[in-house]
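# What the coordinates show
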Amino acid sequence: AMCDFLLRFGAAPGMGNFRFAELDALLEACGVDPARAYDRERARSAAMAECPYLRTRLPDASVAKEVCSGGILLREVVEVWGEGSS
């Protein structure tokens, strides 16, 4: 079963699209298909291009830690335990 994680990227003006290329490479290195881990179309949209957060689905916390430790633009990963409407 996949778990939800929230990734936070560091501020890097003009690097919006590069962070997704980096994330895709990190996911693939960990054996995770990027197309299954996050909504690539939505993430690459103009509205999300400069947003520092990205919700992902990963197999477990150890994979999330491995992905985060290999990134340059990726600053933090937290597991989503719940969510609400307010």
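This report concerns the structure included in the present document. As the structure is a prediction and not an experimental result, all values here were calculated from the model.

### Side note on the packing of aromatic side chains
Throughout the structure, instances matching the rule amount to two aromatic pairs. Ring geometry for F20 and Y38: centres 6.2 Å apart, planes at 25°, overall stacked. Here the residue F20 occupies a position in helix 1 (residues 16-29), and Y38 occupies one in the loop between helix 2 (34-37) and helix 3 (40-43), the gap between them amounting to 18 residues. A relative accessible area of 5% means that Y38 is categorised as buried. Among the aromatic side chains, those forming a connected cluster through ring pairs are F9, F20 and Y38. The ring of F9 carries R19 above its face, with NZ or CZ at 5.1 Å from the centroid.

### Quick notes on the sheet that holds strand 3 (residues 74-79)
Read from one edge of the open sheet, three strands run 2-1-3, paired in antiparallel fashion. Looking at the sheet topology across the chains shown, the edges are occupied by strand 2 (53-58) and strand 3. Taking the axes of each pair of neighbouring strands and ignoring which way they run, one obtains an average angle of 30° across the sheet. With six bridges joining them, strand 1 (residues 3-9) and strand 2 adopt antiparallel strand pairing.

Conventions used here
Residues numbered from 1 in each chain as written. Predicted model: local features only at pLDDT ≥ 70, side-chain atom pairs only at ≥ 80, totals over all residues. Heavy atoms only, no water. Phe/Tyr/Trp six-rings, centres within 6.5 Å; stacked < 30°, edge-to-face > 60°. Helix = DSSP H or I, 4+ residues; strand = E, 2+ residues; numbered from the N terminus. Buried < 20%, exposed > 50% of the residue type's maximum accessible area, 1.4 Å probe, protein only. Lys NZ or Arg CZ within 6 Å of the ring centre and 35° of its normal. Pairing = 2+ DSSP bridges. Axes fitted to C-alpha atoms, helices over the stretch in contact; angles between N-to-C directions.

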